[in-house]
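What follows is the residue order along each chain.
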Amino acid sequence: MDRIYEKYFRTDRLPHIWCPGCGNGIVLSAFARAMEELGVDQDQTVVVSGIGCSSRATTYVDFNTLHTTHGRALAFATGVKLAEPRLNVFVFMGDGDSTAIGGNHLIHACRRNIDITAIIINNNIYGMTGGQYSPLTPTGKKATTAPYGMIERNFDLCELVKGAGATFVARGTTYHAKQLTDMIVAGAKNKGFSVIEAVSQCPVSFGRRNKMRSPLEMIQWLKENTINVKAAAKLKPEDIKGKILIGELYNTEAPEYTAEYDRLIARVQGGGK
Amino acid sequence: MTKKKNIELLQGNEACALGAIRAGCRFFAGYPITPSTEIAEVMAKELPKVGGKFIQMEDEIAGMAATIGASLTGKKALTATSGPGFSLKQENLGYACIAEIPCVVVNVMRGGPSTGLPTSPSQSDVMQAKWGTHGDHPVIALSPSSIKESYTLAVKAFNLAEKYMTPVIILMDEVIGHLREPLDFDEVKDLEIIDRKKPDITPDKYQAYHGGEEGIPILAPFGTGYRYHITGLTHDESGYPTMAPKVVERMNRRIVNKVEEHKEDIVEFESQNTEDAEILILSYGGSARSAKEAVLRLKAEGYQVGFFRPITIWPFPEKEVGKIAEKVKAIVVPEMNMGQLKQEVERVVAGRTKVLGVNKVDGELITPAEIITVVKGVE
């Protein structure tokens, strides 16, 4: 990576704890590139995470960093952002962290449209604990707690957050690293709650139980099984069946929560009701 | 008679909320739960007037989390709950303990376990306040016994939180939470307000969790130029996770000792006639009001009874109760549970005197008569 991005990392904290072949580093480099493109002030930026592999990201990036409890990153981040709206707030979560134990906080952050950018690294599995199924493990895939294959239906994360009220929703992958950077930039610029799902590979806990033993096979799978939403729009439904839609999926405007609260204060202090 | 204008008839819950604002609290995150909801309602109404923020979160867990998050920006932050909600808050309460984030948590105790008696009083979360979150951790818990004290202890709770960089619990009971008494604001106008320290060294030399000589860290608010890491993982002085045994041992002992070693400063209690007492009645919160009445009646009958009320339940006024134990025939402990604080009294007394409980778990307040019966039965 170019030295220009080094300033966003705590190089004294390296090496990181992630396994060889993990996609988290690609997402983190996309994040650093996005920070450079946005020109963020590191002192005025808070990066929050929950618990899990992805959430260790906060150790390595040089911002005001807050590594919280499992599933609760968005609830902590809501406190930070509401108390001090001038701070930029980014949140790293994993698929289990954000949609299982933290599912309630996720939908309500969406509903409030609070100006936070959430980057959800979806590796389809609980990696830190060794490969248990998450709400984003595709039906039929294997996990240590689904040794005969996952029989539950999985969430479509982007549809979920769109339905809950997020105003910017995009899905990228670790194969499409450049687009991932662009999505983080666009998400940060959105005045409201933004979700970027970064589909990633976990060769150790997911791939090797699902006939994709090497990182390369997994990234190849991401390349071949995804289709850009713009390209998909020109194709017949049967041509895109089973493919993962990537790109900017949803972008709309809605009142932002902390700005609404500031207006409320002005109203109350102005003698209104 | 001139009419005093600065008096308001308030509930304990209302006084607690107003005391918090007086302490400088500018953020509240919580979830509705009986019998604490009035605290949230007052904060929702009053905070915007002073430029503060109120948010009703999606659940109790989030209420605790957002409170901690707000505190990290330098704001004084409050959450309030009752039994079931207090259970849900425990994990993040432990986070505030290990990450040393000042905040105040009010638990208006109701009958338990589980949903229990939502509208009835109880004092059965005394031990949960101390041991509810996992792992060894520091605990400060305050117990108001009047409306005025609901106000002043809210201020004290924030002062202690800011001074010792730790969460502080206000262990109120439903009796006090919903009791109405006049509060004379002139009587509480000169309260000391303590704000957390700010770092006085440059960011390059800053170590958030160094703790200094007192063992108390100085956490720079987010956005002030000190970039550091906060984690619930066991960490070193710089804030980064560690598993190095010596550093782990040091951190664990420091966060507990910063409270233990400052007990003299933290501990507060009320005592009456303890010098020549033959029997001591020790009670707190709502029960202490019945205990005080029992003392009056017993004294009128010629009994040599003393009264002791721990205002800090945790840390417990160990030294003071230990001294009294040397002299009295018995210590009677009325409380609305099956003997939770009595156990602590027994530990402190260590066999030097008898300890008798007056315990009630029927959702009703203990009456003075019930206390008097036990005192009169002491041989």
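Caption draft 1: Fine view of the overall build of chain A. The secondary structure content of chain A amounts to 11 helices and eight strands. Relative to the 2.2 N^0.38 estimate, which gives 19 Å for 273 residues, the radius of gyration of chain A is 18 Å and therefore close to what a compact globule would have. Across its three principal directions, the C-alpha atoms of chain A cover 65 × 45 × 35 Å. Expressed as a percentage of the 273 residues in chain A, the buried residues total 51%. Sequence separation of at least 24 residues holds for 65% of the intrachain contacts in chain A that already meet a minimum separation of 6.

Caption draft 2: Expanded view of the nonpolar core. By size, the foremost hydrophobic cluster in this structure holds 186 residues, and its most contacted members are A:Val80, A:Val91, A:Ile119, B:Val104, B:Ile170, B:Ile281 and B:Val332. If you tally residues by element for this core, the top one is helix 6 (residues 147-164) of chain B, at 10 residues. Two domains share this core, each providing at least three of its residues, namely domain 1 (7-188) and domain 2 (269-376) of chain B. If you look at the next biggest cluster of nonpolar residues, it comprises eight residues, including A:Cys22, A:Ala143, A:Cys202 and A:Phe206.

Caption draft 3: Examining the environment of B:Thr312 more closely. All names here are of chain B. Along the chain, the position of Thr312 falls in strand 14 (residues 312-314). For Thr312 and Glu379, which are 67 residues apart along the polypeptide, the C-alpha to C-alpha distance reads 30 Å. Ignoring anything within four residues of it in the chain, the contact list for Thr312 reads Ile140, Leu142, Ile266, Val267, Glu268 and Pro317.

Caption draft 4: Layout of the sheet that holds strand 15 (residues 330-335) of chain B. Residues and elements named next belong to chain B. With mixed pairing, five strands are arranged side by side in an open sheet as 11-13-12-15-16. Across the chains shown, the open sheet's two edge strands, defined by having one partner strand only, are strand 11 (269-272) and strand 16 (354-359). The average angle at which neighbouring strand axes cross in this sheet is 20°, direction not considered. Judged from the four bridges that link them, strand 12 (residues 279-282) and strand 13 (residues 305-310) form a sheet pairing that is parallel. In the strand pairing of strand 13, Ile281 is matched with Phe307. Relative to the sheet, helix 12 (residues 340-349) contacts strand 12, strand 15 and strand 16, its axis offset from that of strand 15 by approximately 160°.

Caption draft 5: Layout of the interface of chain A and chain B. Contacts between chain A and chain B engage 34 residues on the former and 35 residues on the latter. Residue assignment for the side of chain A that touches chain B shows that the elements contributing at least two residues are helix 2 (57-60), strand 2 (64-67), helix 3 (73-83), helix 5 (103-112) and helix 11 (257-269) of chain A. Of the residues that constitute the side of chain A that touches chain B, the class distribution is 14 nonpolar, 15 polar and five charged. Pairing geometry for strand 2 of chain A and strand 10 (residues 229-231) of chain B, over three bridges, is parallel. Within the sheet, the bridge partner assigned to A:Thr65 lies in strand 10 of chain B and is B:His229.

Caption draft 6: Broad picture of helix 6 of chain B. All names here are of chain B. With 18 residues, helix 6 extends 26 Å between its outermost C-alpha atoms, agreeing within 8% with the 26 Å of an ideal straight helix rising 1.5 Å per residue. By the criterion of burial, helix 6 is predominantly enclosed, with 18 of the 18 residues buried. Met165, located one to two residues past helix 6, shows a positive phi value of around 50°.

Caption draft 7: Spotlight on the sheet that holds strand 7 (residues 226-228) of chain A. The strand order across the open sheet formed by nine strands is 7(A)-8(A)-5(A)-6(A)-4(A)-3(A)-1(A)-2(A)-10(B), and the pairing between neighbours is mixed. Every interior strand has two partners, whereas the edge strands, strand 7 of chain A together with strand 10 of chain B, have only one. Sheet twist, expressed as the average angle between the axes of neighbouring strands with direction ignored, equals 20°. Bridging between strand 4 (residues 117-122) of chain A and strand 6 (residues 194-199) of chain A involves six bridges; their strand directions are parallel. Each residue of the ladder has a partner; that of A:Ala118, found in strand 6 of chain A, is A:Val195.

Caption draft 8: The packing of helix 3 of chain A against helix 5 of chain A, seen in detail. Residues and elements named next belong to chain A. Interhelical geometry of helix 3 versus helix 5 gives an angle of 40° and a closest axis separation of 8 Å. Contacts between helix 3 and helix 5 involve Leu74, Ala75 and Thr78 from the former and His105, Leu106 and Ala109 from the latter. Taken together, the residues of the contact of helix 3 with helix 5 break down into four nonpolar, two polar and no charged.

Caption draft 9: Local environment of the domain arrangement of chain B. Residues and elements named next belong to chain B. According to the domain assignment, chain B contains domain 1 (7-188) and domain 2 (269-376). If you average the C-alpha positions of domain 1 and of domain 2, the two centres end up 26 Å apart. Between domain 1 and domain 2, the contact holds 22 residues from the first and 19 residues from the second. Sorting the residues of the side of domain 1 that touches domain 2 by element identifies strand 6 (117-121), helix 5 (126-131), strand 7 (140-142), strand 8 (167-173) and helix 7 (174-178) as the ones contributing at least two each. With four residues, helix 5 is the largest single contributor of residues to the side of domain 1 that touches domain 2. Taken together, the residues of the side of domain 1 that touches domain 2 break down into 13 nonpolar, seven polar and two charged.

Caption draft 10: A look at unusual backbone geometry. Residue and element names in this part refer to chain B. Cis geometry is found at the peptide bond from Thr34 to Pro35, where omega equals 0°. Geometrically, the link from Trp314 to Pro315 is a cis peptide bond, its omega value of -10° lying close to zero. Topologically, Pro315 is positioned in the loop between strand 14 and helix 11 (318-325). Notably, Asn273 is not glycine yet its phi reads approximately 50°, a positive angle. Note that Asn273 resides in the loop between strand 11 and strand 12.

The rules behind the values
Residues numbered from 1 in each chain as written. Chains lettered and ligands numbered in written order. Predicted model: local features only at pLDDT ≥ 70, side-chain atom pairs only at ≥ 80, totals over all residues. Helix = DSSP H or I, 4+ residues; strand = E, 2+ residues; numbered from the N terminus. Rg over C-alpha atoms; globule rule 2.2 N^0.38 Å. Buried ≥ 20, exposed ≤ 12 C-beta atoms within 10 Å, placed from the backbone. Contact = placed C-beta atoms within 7 Å. Core = buried A, V, L, I, M, F, W, Y, C linked by C-beta atoms within 7 Å. Domains from an automatic or database assignment. Pairing = 2+ DSSP bridges. Axes fitted to C-alpha atoms, helices over the stretch in contact; angles between N-to-C directions. Nonpolar A, V, L, I, M, F, W, Y, C, P; charged D, E, K, R; others polar. Expected span 1.5 Å × (residues − 1).

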